[in-house]
Amino acid sequence: MAEKKGTMIIQMSGDFDKVFAGFTLASASAAAGMPTTIFYTFWGLKAIQKGNLTGKGIMGRMIGLLNRGGLQRLGPSKFNFGGIGRWMFKKMMAAKNVAGLEELRQACIDLGVKFYACKMSMDVMEIRREDLIDEVADVVGAATAMKDANAASVQYFI
Amino acid sequence: MAEKKGTMIIQMSGDFDKVFAGFTLASASAAAGMPTTIFYTFWGLKAIQKGNLTGKGIMGRMIGLLNRGGLQRLGPSKFNFGGIGRWMFKKMMAAKNVAGLEELRQACIDLGVKFYACKMSMDVMEIRREDLIDEVADVVGAATAMKDANAASVQYFI
Amino acid sequence: MAEKKGTMIIQMSGDFDKVFAGFTLASASAAAGMPTTIFYTFWGLKAIQKGNLTGKGIMGRMIGLLNRGGLQRLGPSKFNFGGIGRWMFKKMMAAKNVAGLEELRQACIDLGVKFYACKMSMDVMEIRREDLIDEVADVVGAATAMKDANAASVQYFI
């Protein structure tokens, strides 16, 4: 059996529920003593952005506008339950004492989960290193992500 | 080579096609003699719900209403082919003698696939153990899911 | 550590960004010397279709119509940035000198990535072998996919 060889999650979705899933699995993995990495790419980058406006060109600014707000602004992947989506989800989670996204992200950080940001996605979407939270360990390419995945015993693409 | 060490699928999507994919991969895995587990979380729980109304609070009831019907009511993840979605899909599958979701789920059960339900999702969505089909082996947390994933040679997040 | 045991990607999504992710991870994996396979199923098949109309029956033809155009016609999974989606994405990628889907697919082929097509999906959607690009190595079932996954050190479901 592969003992505590580590977890490598590729987080491509920036939907509330899927970012939640990524943080939850990563923190559970790290809490079990497994070296754990999340590689954020495309829409997933929202989970580790500060929430400020980004982009220099017209299109980069447009994406920045759509991505603004960071963790607080993520909506769920399913059709918002007819529009009440994020608000309802948060309320139900709070009512059940489930940690919110900010808390979960902090738990990941405290437990030593390593955050990687995808270089190519950042280039395309015009996101700079300083637009990401300080806790991001590095900005890397897909080759590094695959190398880490190969060394890990658990891999998920979310 | 990792020989028959098992498969661990995290099923978060409740879309028809993705539930179908989960059952298909799990049954293929179990048929090959690999210990196989599906961990159902969030929308994926629909795949192992009886289909009755759930929830006590207002919001729990609302989710219950949206989730009602169980396997029979799942729609595909792509835009329903302009509205004909589920009906067409089922008809085409039947025309090609492809097993339906109920049959596939039963095949998984018969082949010994273990169904886990996510405790936290059930709490948030107000789904009780008795709302799930009897064949669900256990209601567990993410820590258990990650432990099983670490012991498995194949992991998928669907 | 599992050294270069290979990568097995199940590509179910036919969205531009997710097909892009599949090709990128596969090419990075193959470039690192790992035997790499992509198993295309359901909507993912679009990534290896020639783009011609398919299907004999009414419903098969309808799906064929929706799937027409192959790689050139894929839209992103998120709401098209308010309608500009594919066009903007391609333009931004070109501006940053990021390879397009056709280039990426060719890179995968040149690096020896093995393309498998899902037999059952092809049956249901009425796609024939001759509707797929010549470079597809084989048309196989889920059992073969799971066997390959079990032998691989990295597995992703995209």
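A. Broad picture of the relation of the copies chain C and chain B. For the pair chain C and chain B, the relating rotation is 120°, the translation along its axis is 0.0 Å, and the fit reaches an RMSD of 0.0 Å. The superposition of one copy onto the other is thereby described by a three-fold rotation axis. The overlap is low: 18% of the interface residues of chain C also sit at the interface in chain B, so different surfaces are used on the two sides.

B. Examining the relation of the copies chain B and chain A more closely. Under the fitted operation, chain B is carried onto chain A by 0.0 Å of movement along the axis and a turn of 120°, and the coordinates agree to an RMSD of 0.0 Å. When you check the interface residues of chain B against chain A, a mere 18% turn up at the interface there too, and the two sides of the contact use different surfaces.

C. Broad picture of the side chain of Thr36(A). Residues and elements named next belong to chain A. Here threonine 36 is to be found in strand 2 (residues 36–40). Only 2.7 Å separates the side chain of threonine 36 from the backbone oxygen of methionine 34, close enough to count as a polar contact. In this structure, threonine 36 is in contact with Thr7, Ala26, Ser29, Ala30, Gly112, Val113 and Lys114, ignoring residues within four places of it in sequence.

D. Looking closely at the pattern of salt bridges. By the definition in use, this model includes nine salt bridges over all chains. Residues Lys119(A) and Asp123(A) are paired through a salt bridge, measuring 3.4 Å at the closest nitrogen-oxygen approach. Placement of the pair is Lys119(A) and Asp123(A) together in helix 6 (residues 119–125), with a separation of four residues, close to one helical turn. For Lys119(A), a relative accessible area of 42% gives the class partly exposed. Assessed through its relative accessible area of 37%, Asp123(A) is described here as partly exposed. Residue Arg128(C) pairs with Asp131(C) through a salt bridge whose shortest N-O separation is 2.9 Å.

E. Molecular detail of the packing of helix 1 (residues 16–31) of chain B against helix 5 (residues 101–110) of chain B. Residue and element names in this part refer to chain B. Running from N to C, helix 1 and helix 5 cross one another at 30°; their axes reach a closest spacing of 9 Å. Viewed along their axes, helix 1 and helix 5 adopt a mutual orientation that is roughly parallel. In terms of crossing hand, the pair formed by helix 1 and helix 5 is left-handed. Packed against helix 1, whose contacting residues are Phe16, Val19, Phe20, Phe23, Thr24, Ala26 and Ser27, the element helix 5 presents Leu101, Leu104, Arg105 and Cys108 at the interface.

F. Layout of the sheet that holds strand 1 (residues 7–11) of chain C. All names here are of chain C. Spatially, 4-3-2-1-5 is the arrangement adopted by the five strands of the open sheet, whose pairing is parallel. Both edges of this open sheet fall to strand 4 (138–140) and strand 5 (154–157), since each of them pairs with a single strand only. Taking the axes of each pair of neighbouring strands and ignoring which way they run, one obtains an average angle of 20° across the sheet. Sheet topology note: the strand 3 (residues 114–118)/strand 4 ladder contains three bridges and is parallel. Residue pairing in the sheet places alanine 117 in a bridge with valine 139 of strand 4.

G. The packing of aromatic side chains, seen in detail. By the definition in use, this model includes 18 aromatic pairs over all chains. Where Phe23(B) meets Phe115(B), the ring centres are 6.3 Å apart and the plane angle is 45°; that geometry is what we call tilted. Pair noted here: Phe23(B) is in helix 1 and Phe115(B) is in strand 3 (residues 114–118), with a separation of 92 residues, a long-range link. Assigned by exposure class, Phe23(B) and Phe115(B) land together as buried. Aromatic pair Tyr40(C) and Phe115(C): ring centres 5.6 Å apart, planes at 80°, arrangement edge-to-face. With Tyr40(C) in strand 2 (residues 36–40) and Phe115(C) in strand 3, this pair connects stretches of sequence that are 75 residues apart. Across the pair, exposure class does not vary: Tyr40(C) and Phe115(C) are buried alike. An aromatic cluster of at least three residues, connected via ring pairs, comprises Phe16(A), Phe20(A), Phe42(B) and Trp43(B).

What counts, and at which threshold
- Residues numbered from 1 in each chain as written.
- Chains lettered and ligands numbered in written order.
- Predicted model: local features only at pLDDT ≥ 70, side-chain atom pairs only at ≥ 80, totals over all residues.
- Heavy atoms only, no water.
- Least-squares fit on C-alpha atoms with pLDDT ≥ 70 in both.
- Contact = heavy atoms within 4.5 Å.
- Helix = DSSP H or I, 4+ residues; strand = E, 2+ residues; numbered from the N terminus.
- Polar contact = N/O pair within 3.5 Å; in protein donor to acceptor, adjacent residues only side chain to side chain.
- Salt bridge = Lys/Arg side-chain N within 4 Å of Asp/Glu carboxyl O.
- Buried < 20%, exposed > 50% of the residue type's maximum accessible area, 1.4 Å probe, protein only.
- Axes fitted to C-alpha atoms, helices over the stretch in contact; angles between N-to-C directions.
- Parallel < 35°, antiparallel > 145°, perpendicular 65-115°, else oblique.
- Left-handed = near helix turned anticlockwise from the far one by under 90°.
- Pairing = 2+ DSSP bridges.
- Phe/Tyr/Trp six-rings, centres within 6.5 Å; stacked < 30°, edge-to-face > 60°.

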